Amino acid sequence: MDHFHFINGALYCEGVSMDEIAESVGTPCYVYSRATILEHLRRVRAAFEPLSPWICFSVKSCPNLSILRLISGAGAGMDVVSGGELCRAMEAGCSASKCVYAGVGKTDHEIELALRSGIGLFNVESEQEFEAIAACAERLGIPCDGALRINPDVDPKTHRYTSTGNRETKFGVDLVRAADFLRASHGHHWCRIRGLHMHIGSPVYDPTPYEQAIRKALALMDTLRDDGIVLDTLDLGGGFGADYITGQSPAADAYAQVIVPLLEDRVRDGLRVILEPGRSIVANAGVLLLSVVYTKQSGDRTFAICDAGMNALLRPSHYDAFHFIWPTRPAAGVIPAARTMEPELPGLVVHDIVGPLCETGDFLALGRSIPVVARGDRLAVFTAGAYGMSMANRYNSSPLPAEVLVDGDSFEIVRARETYDDMVSHERVGELAPAIAE
Ligand SMILES: Cc1ncc(COP(=O)(O)O)c(C=O)c1O
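Basis of the calculations
Residues numbered from 1 in each chain as written. Predicted model: local features only at pLDDT ≥ 70, side-chain atom pairs only at ≥ 80, totals over all residues. Heavy atoms only, no water. Helix = DSSP H or I, 4+ residues; strand = E, 2+ residues; numbered from the N terminus. Polar contact = N/O pair within 3.5 Å; in protein donor to acceptor, adjacent residues only side chain to side chain. Contact = heavy atoms within 4.5 Å. Near = heavy atom within 4 Å. Areas by Shrake-Rupley, 256 points an atom, 1.4 Å probe, with all protein chains shown as cover. Phe/Tyr/Trp six-rings, centres within 6.5 Å; stacked < 30°, edge-to-face > 60°. Buried < 20%, exposed > 50% of the residue type's maximum accessible area, 1.4 Å probe, protein only. Pairing = 2+ DSSP bridges. Domains from an automatic or database assignment. Buried area = accessible area lost by both parts, 1.4 Å probe. Salt bridge = Lys/Arg side-chain N within 4 Å of Asp/Glu carboxyl O.

A. Expanded view of the side chain of Arg368. Residue position: Arg368 is located in strand 18 (residues 363-371). In this structure the side chain of Arg368 is engaged in a polar contact, spanning 2.7 Å, whose partner is the backbone oxygen of His323. The residues touching Arg368, leaving out its near neighbours within four places in the chain, are Phe322, His323, Phe324, Ile325, Met341, Val349, Val350, His351 and Ile353.

Listed below in structure tokens is the structure:
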């Protein structure tokens, strides 16, 4: 579900034409739909309503302050994985007490920041990290709550770079070590381990691995309960899919149908459930808007060379990810009814859609059938709202794209396009102060 659609042959986000945005803001530019974000959040909340979960939006998926403000304003907390993300969440008006904090490499400085800010829950990723948090909490005299991140050893059937819940991963603690750790840390005054956390991968299109992981987590909780150790929190992480291809992802309901029955009774008995959705809220809510700078033939291939590539959207080159791409104003008759890998429409031409960077890996799509494009045409890269801008980089000294948030018939720039001056401002030797830690 999203609010990007063609009206009279031109692509719109809600009530605003993408061409109008491009003319006013330029390209490359990320365009987000407010209505899509709020609707996705509403759907997750409604689907899991029987569990009354604490929903913590995963900041890493789309960390723009205005987006965080929108989601926090709709009542969600935040899942953060760094001091920087915690600062963003707070700057966007989300109290640290509504934030959960995961991440395998929390530094002492970050731990201190989280404690002083009143973090809601540390998702503890290792025994050493627990020691560091407990020591810091004691030094500051600020007790805190934690959940132990377990890796339940299930296969989320997703890209190997984003599979995070198998036994041999850097994330969390395996189930055998977890039981020992929970017994040893039980009753700690400064860091009270109240529950378990997991995040099995992303995107996870099949709800079954969640079922497997939850059953393992509940079995661990039951074993500990027999030893007198009661855990009252279960954080399921994120990972729900998004529609890169129309209809590709199960709806929030489909995940809930599997997850809710496993946990309903436990919630009635006092279990607190946490969800950390990112992609499922924002992926379909964002489009990357590009301009075609040149077209050219090379051998048998036809290239559309755009004003950004893997610098603005890393997913195709990094994960081999599919993003549907279409001109914002295609020739008559070539408006796609659905976003598919091989649209069956007249007059399509196979293109390699690439960026300007000096790298053969700089592509957005290879061998893709799209309407023929010319210099100056604009392309929309769909389902780019998650892990799009958040993974954008400045390779080849490319300034970061602008970001725009559409609300009905109007839009607002929520991140100014970076200037060349911005780009070099941290490198002007002589003007630089040491900035080891804030
Ligand atoms: C700990 C944790 N929680 C939540 C998420 C969000 O996942 P998704 O965007 O797939 O919902 C991630 C993503 O990597 C994560 O690492």
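B. Fine view of the environment of Leu314. Considering the arrangement of structural elements, one finds Leu314 in the loop between strand 15 (301-306) and helix 11 (315-319). Sequence-wise, Leu314 and Pro209 are 105 residues apart; in three dimensions their C-alpha atoms are separated by 27 Å.

C. Just the site of the ligand, in detail. Every one of the 14 residues lining the ligand counts as a neighbour, but Ser202, Gly239, Glu276, Arg279 and Tyr387 are closest to it. For the ligand, an oxygen atom lies 3.2 Å from a polar atom in the side chain of Lys60. Contacts to the ligand include Arg279, whose backbone N or O atom sits 2.8 Å from an oxygen atom. Considered on its own, the ligand offers 390 Å² of accessible surface; in the complex 91% of this is hidden by protein.

D. Broad picture of the packing of aromatic side chains. Following the criterion strictly, the structure yields nine aromatic pairs and no others. Both rings, one in Phe240 and one in Tyr255, keep their centres 4.2 Å apart while their planes meet at 20°; by these two values the pair is stacked. Taken as a pair, Phe240 in the loop between strand 12 (233-235) and helix 9 (252-268) and Tyr255 in helix 9 lie far apart in primary sequence, 15 residues in all. In terms of burial, Phe240 and Tyr255 fall into one category: buried.

E. Examining the sheet that holds strand 1 (residues 4-7) more closely. Ordered by their spatial adjacency, three strands build an open sheet running 1-2-3, and the pairing between neighbours is antiparallel. Sheet topology places strand 1 and strand 3 (16-17) at the edges, where each strand pairs with a single neighbour. Strand direction decides the pairing type here: strand 1 and strand 2 (residues 10-13), joined by four bridges, are antiparallel. Residue Phe6 lies in a different strand from strand 2, and its bridge partner there is Leu11.

F. Summary view of the domain arrangement of the protein. Under the domain assignment used here, the protein contains domain 1 (4-31 + 283-426) and domain 2 (34-278). Counting from both sides, the interface comprises 25 residues of domain 1 and, opposite them, 20 residues of domain 2. Carbon and sulfur atoms supply 59% of the area that domain 1 and domain 2 bury against each other, a total of about 2000 Å² over both sides. Connecting domain 1 to domain 2 are one salt bridge. In this structure, the salt-bridge partner of Asp407 is Arg34, at a minimum N-O distance of 3.9 Å. Our count for the domain 1 to domain 2 interface comes out at eleven residue pairs in polar contact (both at pLDDT 80 or more). Elements that contribute at least two residues to the side of domain 1 that touches domain 2 include exactly helix 11, strand 20 (402-407) and strand 21 (410-415).

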